[in-house]
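# Secondary and tertiary structure notes
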Amino acid sequence: EGFRGLFESIKDGTFKNVKRFVNNVSLQGVSEVKDFKIRVVFARLSKDCYAVITAFTKKNDNDRGYRKPVEIKVSDFKSMKDCICKNLENEEFMKYQQDIETELFRLLGEEKEEEKGDQK
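All figures in this text were calculated on a predicted structure; none of them were measured in a lab.

### Regarding the nonpolar core
- In terms of nonpolar packing, the biggest core is built from 16 residues, with Val30, Val41, Leu45, Ile53, Val70, Val74 and Phe77 touching the most fellow members.
- Setting aside anything within four residues of it in sequence, one finds leucine 45 in contact with Tyr50, Ala51, Phe77, Lys81, Ile84, Cys85 and Leu88.
- Phe7, Ile38, Val40 and Phe105 belong to the second largest nonpolar core, which has 8 residues in total.

This is the structure we're talking about:
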């Protein structure tokens, strides 16, 4: 439920407890939304399009404990960012991204209204 709330906050632009990374060169240009011991790292691609880079539980209060894995994932994202941005106008690519989003929310327990109605 917590992860779903964070993903929805990115999607609807409310950005729950958002933090921009500014003091770490490796993480500049990305942000995270957070809830109790959970984080979602993302980057803005266009005015209303965001890339989710990683999501994880933060098991300790020491920032160094999770910084290195996040730096690696952000580095991987940055190496693909130009290619991703070039495909934002590609209808097939965006349909695939929508399918991934739908599956993500399904896995996180969100049911579509039609499905709820069909189960009566």
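### Describing the packing of aromatic side chains
- According to the stated counting rule, one finds 4 aromatic pairs in the structure shown.
- With a centroid separation of 6.4 Å and an interplanar angle of 75 degrees, the aromatic rings of phenylalanine 7 and phenylalanine 105 are classed as edge-to-face. Of the two residues, phenylalanine 7 sits in helix α1 (residues 2–11) while phenylalanine 105 sits in helix α3 (residues 91–107), which places them 98 residues apart along the sequence.
- Arranged with centres 5.5 Å apart and planes meeting at 15 degrees, the rings of phenylalanine 15 and phenylalanine 42 form a pair that is stacked. Of this pair, phenylalanine 15 sits in the loop between α1 and β1 (19–20) while phenylalanine 42 sits in strand β3 (residues 38–46), and the two are 27 residues apart along the sequence.
- Through successive ring pairs, a cluster of aromatic residues spans Phe15, Phe42 and Tyr50.

### Observations concerning the sheet that holds strand β4 (residues 49–57)
- Here we have 4 strands laid out as an open sheet, ordered β1-β2-β3-β4, and antiparallel in their pairing. Each edge of the sheet is formed by a strand with only one pairing partner; in this case those strands are β1 and β4.
- In this structure, strand β2 (residues 31–35) lies alongside β3, joined through 5 bridges in antiparallel fashion. Bridge pairing in β3 places aspartate 35 opposite isoleucine 38.
- Sitting on the sheet, α1 touches β2, β3 and β4, and the angle it makes with β3 is about 20 degrees.

### Side note on the pattern of salt bridges
- In this structure the tally under the stated criterion is 6 salt bridges.
- Measuring nitrogen to oxygen at the nearest pair gives 2.7 Å for the salt bridge that ties aspartate 99 to lysine 95. Placement of both aspartate 99 and lysine 95 in helix α3 is noted, with a separation of 4 residues, approximately one turn of the helix.
- Judged by relative accessible area, which is 37%, aspartate 99 ranks as partly exposed.

What counts and what doesn't
- Residues numbered from 1 in each chain as written.
- Predicted model: local features only at pLDDT ≥ 70, side-chain atom pairs only at ≥ 80, totals over all residues.
- Heavy atoms only, no water.
- Core = buried A, V, L, I, M, F, W, Y, C linked by side-chain atoms within 4.5 Å.
- Buried < 20%, exposed > 50% of the residue type's maximum accessible area, 1.4 Å probe, protein only.
- Contact = heavy atoms within 4.5 Å.
- Phe/Tyr/Trp six-rings, centres within 6.5 Å; stacked < 30°, edge-to-face > 60°.
- Helix = DSSP H or I, 4+ residues; strand = E, 2+ residues; numbered from the N terminus.
- Pairing = 2+ DSSP bridges.
- Axes fitted to C-alpha atoms, helices over the stretch in contact; angles between N-to-C directions.
- Salt bridge = Lys/Arg side-chain N within 4 Å of Asp/Glu carboxyl O.

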